[in-house]
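# Inside the fold
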Amino acid sequence: MDTFFLEFHDPLFGVIIFFVLIFVITFFSYWFAKFKKKEDYKHLDKFLKQFHSLPSQNELKVLITKGELSEKSWLLLANSYVKSGNYEKGIEIYSELLKVGDKSNYRDTMFLLGKTYFKAGFLERAKQVFLEILKNNPRTPQALNYLLLVYEQMQNYNLALEVLEPLSELKKDITTQSAYLKALLILNNAKMSTDEKVYSLLEIYKNTHCLTYLIFEYIFRVNPKVAWENFDPSKAELLADVLWNCDKKDLNFDIIMQNGYLRELYTAKGYIKEANRSSVFEFDVLINLNSNVNATLGFEYICDNCKVIYPFAFNRCSSCHAIDTSRVEISLVKDYHKDFSEENNSFQ
């Protein structure tokens, strides 16, 4: 008996007991966590099985009311539907959350619903949602910005300009927005003559020094002579596609000969022979290629703000909604127009 107590009081024995206890606790903790995780997955799988086919509006109402998922989880699910282009389901979830969700998140959910209506093209509904938000929370710049976009899409530019007033009171810079909306108002005014539009647009340009592409793309199209007289050659790269597509008869060679970029561009085009090489790779290739080679310039348009690439020119980015951020990117492409002309000539 004394021997047993001697072993019990042995420090080595105590250390062994300590590590045995740690092992037992760790063992049971590990298996309990594994069991709990397995049960959680079962619960999640059971829930997700309900979404193998998209739930109807009534099913969504029942699921949201049951509260099996938190409101945050429902918002994430709605966002995933919207990102995948299923705006209808996103709208249904947001609408149901507005009825049964936490009232402290009511304004944020309303804003998400309005954005989804806007993306889906339901402009009238989007307008009503944003107006409702502003009725109760007039100092909400996000709602004001989207309401402005809605009015712009509806081509109601006067109302869009009115939205700029509260934005200005909120210390937001509205200079470019104001110039842009006024330019659109001029361009879409059926009562103004072409000349009136041209000089009104030039007035906006001289006062703001922005919207170069929007303004000069129009003026080069309707009155090339006035465009050349008021064009700043240092901004030629912003209008590379417009300048490239100008008819030879509309060019102002006095201005072209004074600017290196323009000389290289129109030498590459084949209208003049005033440059032997160019620092722009595409120009350099075309300058040194035989004129019989079917090659020309192609154009893409990049938003300098969000870096999204478009195959067409834009003045307001449809992704980030920034204005006057378009940058022209040039590339070498096959000249299908030349091929088509040669085919027509071969039949004559």
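One structure accompanies this document, and this report is about it. (Residues numbered from 1 in each chain as written. Predicted model: local features only at pLDDT ≥ 70, side-chain atom pairs only at ≥ 80, totals over all residues. Heavy atoms only, no water.)

## Re helix α7 (residues 123-136)
Note the cut-off: Put simply, DSSP marks the helices as runs of H or I at least four residues long and the strands as runs of E at least two long, and each gets a number from the N terminus on. Residue count minus one, scaled by 1.5 Å, sets the expected span of a helix. We call a residue buried when its accessible area falls under 20% of the maximum for its residue type, exposed when it is over 50%, and partly exposed in between, using a 1.4 Å probe and counting protein chains only. What the arc covers is the set of directions going from the helix axis to the C-beta atoms.
With 14 residues, α7 extends 20 Å between its outermost C-alpha atoms, agreeing within 8% with the 20 Å of an ideal straight helix rising 1.5 Å per residue. All of the buried residues in α7 are L123, A126, K127, V129, F130, I133 and L134. End-on, the buried residues of α7 take up no more than an arc of 165°, which puts them together on one face. Projecting away from the buried face of α7 at angles above 90 degrees are the exposed residues R125, K135 and N136.

## Comments concerning the sheet that holds strand β3 (residues 326-334)
Put simply, the rule is: Two strands qualify as a pair provided DSSP detects at least 2 bridges between them. We call two residues contacting when some pair of their heavy atoms lies within 4.5 Å. Axis angles are defined between N-to-C directions and span 0 to 180 degrees, where every axis is a line fitted to C-alpha atoms and, for a helix, only to the segment in contact.
Judged by pairing direction, the sheet is antiparallel, and its 3 strands sit side by side in the order β2-β1-β3 without closing on themselves. In this open sheet, the two edge strands, each paired with only one partner strand, are β2 (309-310) and β3. Across 2 bridges, the pairing between strand β1 (residues 295-303) and β2 is antiparallel. In the strand pairing of β2, I302 is matched with I309. Helix α17 (residues 281-288) contacts β1 and β3 of the sheet and is inclined by roughly 30° relative to β3.

## Some thoughts on the packing of aromatic side chains
Quick reminder of the rule: By convention, a stacked pair of Phe, Tyr or Trp rings (six-membered ring in the case of Trp) has centres within 6.5 Å and planes under 30 degrees apart, an edge-to-face pair has planes over 60 apart, and any other such pair is tilted. Two thresholds decide whether a charge sits over a ring: the Lys NZ or Arg CZ must be within 6 Å of the ring centre and within 35 degrees of the ring normal.
All chains considered together, the criterion is met by 15 aromatic pairs. With centroids separated by 5.3 Å and ring planes inclined at 90°, the aromatic side chains of F220 and W228 adopt a geometry described as edge-to-face. On the basis of relative accessibility, which here comes to 5%, the residue F220 falls in the buried class. When its relative accessible area of 1% is taken as the criterion, W228 is described as buried. Ring plane angle 90° and centroid distance 6.1 Å describe the contact between W228 and F231, whose orientation is recorded as edge-to-face. One aromatic cluster is present, built from ring pairs that chain together Y205, F216, F220, W228 and F231. The lysine or arginine in question, R125, covers the ring of F122, its NZ or CZ lying 5.5 Å from the ring centre.

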